[in-house]
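Listed below, chain by chain, are the residues.
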Amino acid sequence: MALGGVIRGRKTTLRLPAEADLARFNDWMADLRVRSAHPVWHEPAMPATWKERFLEIAKEPLQILWSIEAQGALVGLVAGSMWGAGGGFSLRQLVIDPAHRKRSYAADAALALHRYLFDYLDLRRTDIVVHADNAAALRVADRLGYVEYARGHDVYYRDGAYVDELQLLMDVETWRRRWGATEREYAPLPAEAFR
């Protein structure tokens, strides 16, 4: 199964990263607004280190990393990995540049990504891990149809307090009930195709 290519949403486009994206990725990993909202994906580093990180991800057949573009500008990134024989996906990061927040880019990119995962790759389930106080991520996850299946108490310490970690799960049946009629990019195959 090949991961990658270009995925288009209504407002955003997910594409494979280019070398020109390295500096922005590094800026986001150093930005305290991003670091407080997400589990840390990578520490800030020199461009050569980011190139090595990209090469390592490219070698892993079940890892993905996409850049998110909107209106011709780089506005975020998506990182995740495939897991299990049953066809699952873990969304590790969906970062939107703080300068581009509150424009529905995260929701649009997440919806486009899930169309790809459930309709094109025909996966059975997806999961994500979010900080319990990341209200924006929880709104997007709830809108998509995720439900909490595990909670880590007092996992992250920052700003003088502990924050819980939520693990959320969505299965293909939930996706199809909620989004199958309006967001399918690929028409379902007729029943005769499976005989």
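So, here's what we can say about the structure. Not measured: the values here are computed from a predicted model.

Some thoughts on the pairing of strand β8 (residues 161-171)
Judged from the seven bridges that link them, strand β6 (residues 125-131) and β8 form a sheet pairing that is antiparallel. Within β8, the residue paired with V129 across the bridge is Q167. In this sheet, β8 lies alongside strand β7 (residues 147-158) in antiparallel orientation, the contact comprising eight bridges. The residue bridging R158 from the neighbouring strand is A161, located in β8.

So, helix α6 (residues 172-179)
For α6, every residue scored as buried is listed here: V172, T174, W175 and W179. When α6 is viewed along its axis, its buried side chains cluster within an angular range of 155° and face the same direction. Each element contacted by the buried residues of α6 is listed here: α4 (105-120), α5 (135-144) and β8.

As for unusual backbone geometry
Non-glycine residue K102 carries a positive phi angle of around 65°. Structurally, K102 is set in the loop between β5 (88-96) and α4. By relative accessible area, which is 86% here, K102 ends up exposed.

With respect to the packing of α5 against α6
Two elements in contact, α5 and α6, have axes separated by 9 Å at closest approach and are oriented at 85°. If you check the angle between α5 and α6, you find them roughly perpendicular. Across from D142, R143 and L144 in α5, the residues of α6 making contact are W175, R178 and W179. For the contact of α5 with α6, the residue count by class is three nonpolar, no polar and three charged.

Section: the sheet that holds strand β2 (residues 13-15)
Spatial ordering of the open sheet is given by β1-β2-β3-β4-β5-β6-β8-β7, a layout of eight strands whose pairing is mixed. Edge positions in the sheet fall to β1 (7-8) and β7, since each of these pairs with one other strand and no more.

Reading the values: rules and limits
Residues numbered from 1 in each chain as written. Predicted model: local features only at pLDDT ≥ 70, side-chain atom pairs only at ≥ 80, totals over all residues. Heavy atoms only, no water. Pairing = 2+ DSSP bridges. Helix = DSSP H or I, 4+ residues; strand = E, 2+ residues; numbered from the N terminus. Buried < 20%, exposed > 50% of the residue type's maximum accessible area, 1.4 Å probe, protein only. Arc of directions from axis to C-beta. Contact = heavy atoms within 4.5 Å. Axes fitted to C-alpha atoms, helices over the stretch in contact; angles between N-to-C directions. Parallel < 35°, antiparallel > 145°, perpendicular 65-115°, else oblique. Nonpolar A, V, L, I, M, F, W, Y, C, P; charged D, E, K, R; others polar.

In short, the description is geometric, and any link to function would need to be established separately.
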